[in-house]
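One-letter residues, chain by chain:
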Amino acid sequence: MNREDQLLQNYKKVKEALSTACQHAGRSPEEVTLLAVTKYAKDSDVLFLLRQGLIKHVGESRVQQALLRWQSPDFVPFATVKHLIGHLQHNKAAKAAQFFDFIDSLDDFSTAQALDRHVPQGKVLRGLVQIKLTNRDSQSGLPLERARELVRQLRTLPHVKVCGYMAIAPQGGAENELKRLFAEVKKAFDVDFPAGTERYLSLGMSEDFTIAVEAGSTLPRIGSKLFADNLQEVV
Ligand SMILES: *Cc1c(COP(=O)(O)O)cnc(C)c1O
């Protein structure tokens, strides 16, 4: 199979799995937006999916790498919604505020204040607060109650619009454990971001997105399942 057929097949499988998960949960597939995580993908693969019109929301984990790619002439013509999904260092806040549409990994008020100061005139920078679901020190994000507190603080900022939560599940977690964690986040999400407002719940990656969508995720972040060389190896 050539590379383009492989990418189309990957995409189709991801979309089918998303739609099956929606069916199981009695949700409409329109409620769910695929966030294509392009951080490990080759430029040529990303460009192919862009030209096919298949991806709109894209996620990068590093500010510098995102600027290099998405400000290059090949990429500029595509109207994408750009998300920063990796940890944001304070000293990159100015660049991030100018470049990204969404910062999905907010976990610190002073960095958010720095973002707020640098949002260009007339732009609204959307932000999700990252909830930490593991006890691993290496993982960013805040424990649930502190994340909720940060949401309240962020609502005082004029140029950053906080509109949801993002979380990364523990790797290799058992299905019932993931379900329990996702349900906890979903419960807080529904209280803090009521239905009918603009809101995003970003749960799920390649390995757990069907569970996440069944649990209410509206913005699963999918990288390897879209861009893998041989889907058999990652399914
Ligand atoms: C890399 C990354 C993803 C995508 O992971 P895959 O398992 O390749 O789908 C999702 N979310 C975050 C925060 C990431 O850093």
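For the structure itself, look to the data block above.
As the structure is a prediction and not an experimental result, all values here were calculated from the model.

Enquirer: Give me the lowdown on the site of the ligand, citing residues and values where you can.
Expert: Close to the ligand lie Val37, Lys39, Ile85, Ile168, Met205, Ser206, Arg221, Ile222, Gly223 and Ser224, which account for all nearby residues. In the model, an oxygen atom of the ligand is placed 2.8 Å from a nitrogen or oxygen of the Ser224 main chain. A class-by-class count of the residues in the shell around the ligand yields five nonpolar, three polar and two charged.

Enquirer: How would you sum up the sheet that holds strand 5 (residues 125–132)? Please name residues and give values.
Expert: Strand order in this open sheet of eight strands is 7-6-5-4-3-2-1-8, and the pairing throughout is parallel. A strand with exactly one partner marks an edge of an open sheet, and here the two such strands are strand 7 (200–203) and strand 8 (221–222). Across two bridges, the pairing between strand 1 (residues 35–37) and strand 8 is parallel. Among the inter-strand pairings, Ala36 is bridged to a residue of strand 8, identified as Ile222.

Enquirer: Pulling in residues and values, what's your account of the packing of aromatic side chains?
Expert: For the structure shown, the criterion picks out five aromatic pairs. Ring geometry for Phe99 and Phe100: centres 4.9 Å apart, planes at 85°, overall edge-to-face. Residue Phe100 is classed as buried on the basis of its relative accessible area, which comes to 1%. Cluster of aromatic residues (ring-pair linked, three or more members): Tyr165, Phe189 and Phe193. Geometry around Phe193 places Arg155 over its ring, the cationic atom sitting 5.0 Å from the centre.

Enquirer: Before we move on, could you go through the nonpolar core and cite the residues and values that matter?
Expert: Ile103, Leu115, Val129, Leu154, Tyr165 and Phe182 are the most contacted members of the largest nonpolar core, which totals 69 residues. Ignoring sequence-local partners within four residues, the contact set of Ile103 consists of Leu84, Leu88, Ala96, Leu115, Leu125, Arg126, Gly127 and Leu128. Residues Ile85, Phe102, Cys163 and Tyr200 belong to the second largest nonpolar core, which totals 10 residues.

Analysis parameters
Residues numbered from 1 in each chain as written. Predicted model: local features only at pLDDT ≥ 70, side-chain atom pairs only at ≥ 80, totals over all residues. Heavy atoms only, no water. Near = heavy atom within 4 Å. Polar contact = N/O pair within 3.5 Å; in protein donor to acceptor, adjacent residues only side chain to side chain. Nonpolar A, V, L, I, M, F, W, Y, C, P; charged D, E, K, R; others polar. Pairing = 2+ DSSP bridges. Helix = DSSP H or I, 4+ residues; strand = E, 2+ residues; numbered from the N terminus. Phe/Tyr/Trp six-rings, centres within 6.5 Å; stacked < 30°, edge-to-face > 60°. Buried < 20%, exposed > 50% of the residue type's maximum accessible area, 1.4 Å probe, protein only. Lys NZ or Arg CZ within 6 Å of the ring centre and 35° of its normal. Core = buried A, V, L, I, M, F, W, Y, C linked by side-chain atoms within 4.5 Å. Contact = heavy atoms within 4.5 Å.

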